[in-house]
Amino acid sequence: MKVGVVGAGSIGLLFAAYLSRRFNVTVYTRTEAQASEINKFGILLKNSGRTISFVTALPFSEWQGMEDLSIITVKQYQLDDIIGRILQMPAEPENLLFLQNGMGHLEKLQSLAVPNLFVGTIEHGALRENSYTVSHNGFGVTNIAVFRGDSNQLFRFISSAPEEFPFVFKERYEDMLLNKLIANAVINPLTAILKVENGDLIENPYYLKVLDSLFTEIAAVLELDNAQSDLERVINICRTTAENRSSMLKDLEANRLTEIDAILGYILAKANKQDRKVPLLESLYYIIKGKENGGREVVK
Ligand code: PAF
């Protein structure tokens, strides 16, 4: 089976490295320089040991979506380029798997004619060290569900994936994405602003109070039926990933854009539609927006 991995950030490199153990993988990079480094050095994967995986790397401009399955690993805010590109292809790809945080991308996916669309959530922790090196520092699973179409190719993929890099099929994409959204919405902005590891949010009783207040606002907007168990799940994620630095904290530290629009921005838009006040959530949203790009507002 041929697999295309679109995007070569931490997640793209991680997926390409593991999947190349079982599939014929081509990774598509933003720059030609990154593609040539990967072709030259392979992908260096650091976990309990170090392995080098040789995959084909090509610049994104050469992506035609011809593989049996293409996995889109770029961040939410880079999706418009990908979707624009797909719409220009002479024939749209057959099978696409989208791995973005948040739920904002679902509406965008509607514009595609791709017959089989899958979505997923990632529980791995990964850090890109340079253009061809990734460190796998949190072992988890990737959940995947059908958003539209036929699941045959997805099952073929899941059953052939390497055991040490598992994929779990979920019946309902809505629940899967909602669960991830809730965790991201509570953990990511707080850890990014407080500059703490995930576990600090529950170990420090004052931070825990803020976590609780934020969760209460989120639960009201998302009209959660089982708010108490959702809160417990978030607390449990903080416990099991206690030493992790959230993706939003890492993005801010690296002066990158964050996924705040897809996460809190998405919930804030819902709150506005409901005419509901969410003062804590709104403030956190603006604080993160203010901190993006190293605190420099982009003037166009
Ligand atoms: O985005 C992240 O960092 C993770 O998904 C999680 C578990 C919510 C926080 O580390």
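Bear in mind that the values here come from a model prediction, so they are computed numbers and not experimental data.

Q: Could you clarify how one ought to interpret the pairing of strand β10 (residues 133-138) in this entry?
A: Along a regular strand, successive side chains alternate from one face of the sheet to the other. For β10, the tally of buried residues reaches 5 of 6 residues, placing the bulk of the element in the interior. Bridge count for strand β3 (residues 43-46) against β10 is 3 bridges, and the pairing is parallel. Each residue of the ladder has a partner; that of leucine 44, found in β10, is threonine 133. Bridge count for strand β9 (residues 125-130) against β10 is 5 bridges, and the pairing is antiparallel.

Q: What am I meant to see in the site of the ligand here?
A: Near the ligand the following residues occur: Lys180, Asn184, Ile187, Asn188, Asn198, Ile237, Ser246 and Ser247. Between the ligand and serine 247 there is a distance of 2.6 Å, counted from an oxygen atom to a side-chain nitrogen or oxygen. Protein contacts shield 83% of the accessible area of the ligand, which totals 280 Å² for the unbound molecule. Here the shell around the ligand takes 4 residues from helix α6 (residues 173-194), the largest share from any one element. The class makeup of the residues in the shell around the ligand is 2 nonpolar, 5 polar and 1 charged.

Q: How do you make sense of the packing of helix α8 (residues 205-221) against helix α9 (residues 227-240) when you look at a structure like this?
A: Helix packing geometry: the angle between the two helix axes and the distance between the axes. Between α8 and α9, whose axes approach to 11 Å, the crossing angle comes to 135°. Classified by the interaxial angle, the pair formed by α8 and α9 is oblique. The handedness of the crossing between α8 and α9 comes out as right-handed. Between α8 and α9, the contacting residues are Leu211, Asp212, Phe215 and Ala219 on the first element and Ala227, Asp230, Leu231 and Cys238 on the second. When its residues are assigned to classes, the contact of α8 with α9 shows 6 nonpolar, no polar and 2 charged.

Q: It is not clear to me how the UniProt feature "domain: Ketopantoate reductase N-terminal" (unreviewed entry) in the chain should be interpreted in this structure. Could you clarify?
A: Under the present numbering, the feature "domain: Ketopantoate reductase N-terminal" (unreviewed entry) in UniProt falls on residues 3-147. Along residues 3-147, the helical share is 24% and the strand share 38%, with 19 Å between the first and last C-alpha atoms.

Q: I keep staring at the UniProt feature "domain: Ketopantoate reductase C-terminal" (unreviewed entry) in the chain and nothing clicks. Help me out?
A: Under the present numbering, the feature "domain: Ketopantoate reductase C-terminal" (unreviewed entry) in UniProt falls on residues 175-292. Between the C-alpha atoms that bound residues 175-292 there is a distance of 29 Å. The span itself is 76% helix and 0% strand.

Q: Hey, could you run me through the sheet that holds β3 in this one?
A: Whenever strands of a sheet pair, they do so through backbone hydrogen bonds, lying parallel or antiparallel. Reading across from one edge, β4-β3-β10-β9 is the order of the 4 strands in this open sheet, with mixed pairing throughout. The sheet is open, and its two borders are formed by β4 (50-53) and β9, each paired with just one other strand. Ignoring which end each strand starts from, the neighbouring axes of this sheet average 25° apart. Across the sheet, helix α1 (residues 10-19) lies against β3, β4, β9 and β10, angled at about 100° from β9, the strand it touches most.

Q: What am I meant to see in the nonpolar core here?
A: Formed by 62 residues in total, the largest nonpolar core has its most connected members in Trp63, Ile72, Ile82, Leu96, Phe98, Leu112 and Val119. It is α6 that provides the largest number of residues to this core, a total of 11 residues. Taken domain by domain, this core gets at least three of its residues from each of domain 1 (2-170) and domain 2 (175-292). Those residues in contact with tryptophan 63 that lie beyond four places of it in its chain are Val6, Tyr28, Ser70, Ile72, Ile82, Arg85, Ile86, Met89 and Leu96. Ranked by size, the runner-up nonpolar core spans 38 residues in total, among them Ala8, Ile43, Ala161 and Phe167.

Q: Looking at this structure, I do not really get the packing of aromatic side chains. What am I missing?
A: Two aromatic rings are characterised by how far apart their centres lie and by the angle between their planes. The tally for this structure, following the rule as stated, stands at 12 aromatic pairs. Judged by centre distance (4.5 Å) and plane angle (5°), the ring pair of tyrosine 18 and phenylalanine 165 falls under stacked. Residue tyrosine 18 is located in helix α1, and its partner phenylalanine 165 is located in the loop between α5 (152-160) and β12 (167-169); the two are separated by 147 residues in the primary sequence. Comparing tyrosine 18 with phenylalanine 165, the two get one shared label, buried. Arranged with centres 5.2 Å apart and planes meeting at 70°, the rings of tyrosine 285 and tyrosine 286 form a pair that is edge-to-face. Classification of tyrosine 285 by relative accessible area gives buried; the value is 12%. These aromatic residues form a ring-pair network of at least three members: Phe15, Tyr18, Phe23, Phe157, Phe165 and Phe167. Taking the ring centre of phenylalanine 60 as reference, the NZ or CZ of arginine 85 above it sits at 5.4 Å.

Conventions used here
- Residues numbered from 1 in each chain as written.
- Predicted model: local features only at pLDDT ≥ 70, side-chain atom pairs only at ≥ 80, totals over all residues.
- Heavy atoms only, no water.
- Buried < 20%, exposed > 50% of the residue type's maximum accessible area, 1.4 Å probe, protein only.
- Helix = DSSP H or I, 4+ residues; strand = E, 2+ residues; numbered from the N terminus.
- Pairing = 2+ DSSP bridges.
- Near = heavy atom within 4 Å.
- Polar contact = N/O pair within 3.5 Å; in protein donor to acceptor, adjacent residues only side chain to side chain.
- Areas by Shrake-Rupley, 256 points an atom, 1.4 Å probe, with all protein chains shown as cover.
- Nonpolar A, V, L, I, M, F, W, Y, C, P; charged D, E, K, R; others polar.
- Axes fitted to C-alpha atoms, helices over the stretch in contact; angles between N-to-C directions.
- Parallel < 35°, antiparallel > 145°, perpendicular 65-115°, else oblique.
- Left-handed = near helix turned anticlockwise from the far one by under 90°.
- Contact = heavy atoms within 4.5 Å.
- UniProt positions renumbered as here; feature names shortened; annotations may be inferred.
- Core = buried A, V, L, I, M, F, W, Y, C linked by side-chain atoms within 4.5 Å.
- Domains from an automatic or database assignment.
- Phe/Tyr/Trp six-rings, centres within 6.5 Å; stacked < 30°, edge-to-face > 60°.
- Lys NZ or Arg CZ within 6 Å of the ring centre and 35° of its normal.

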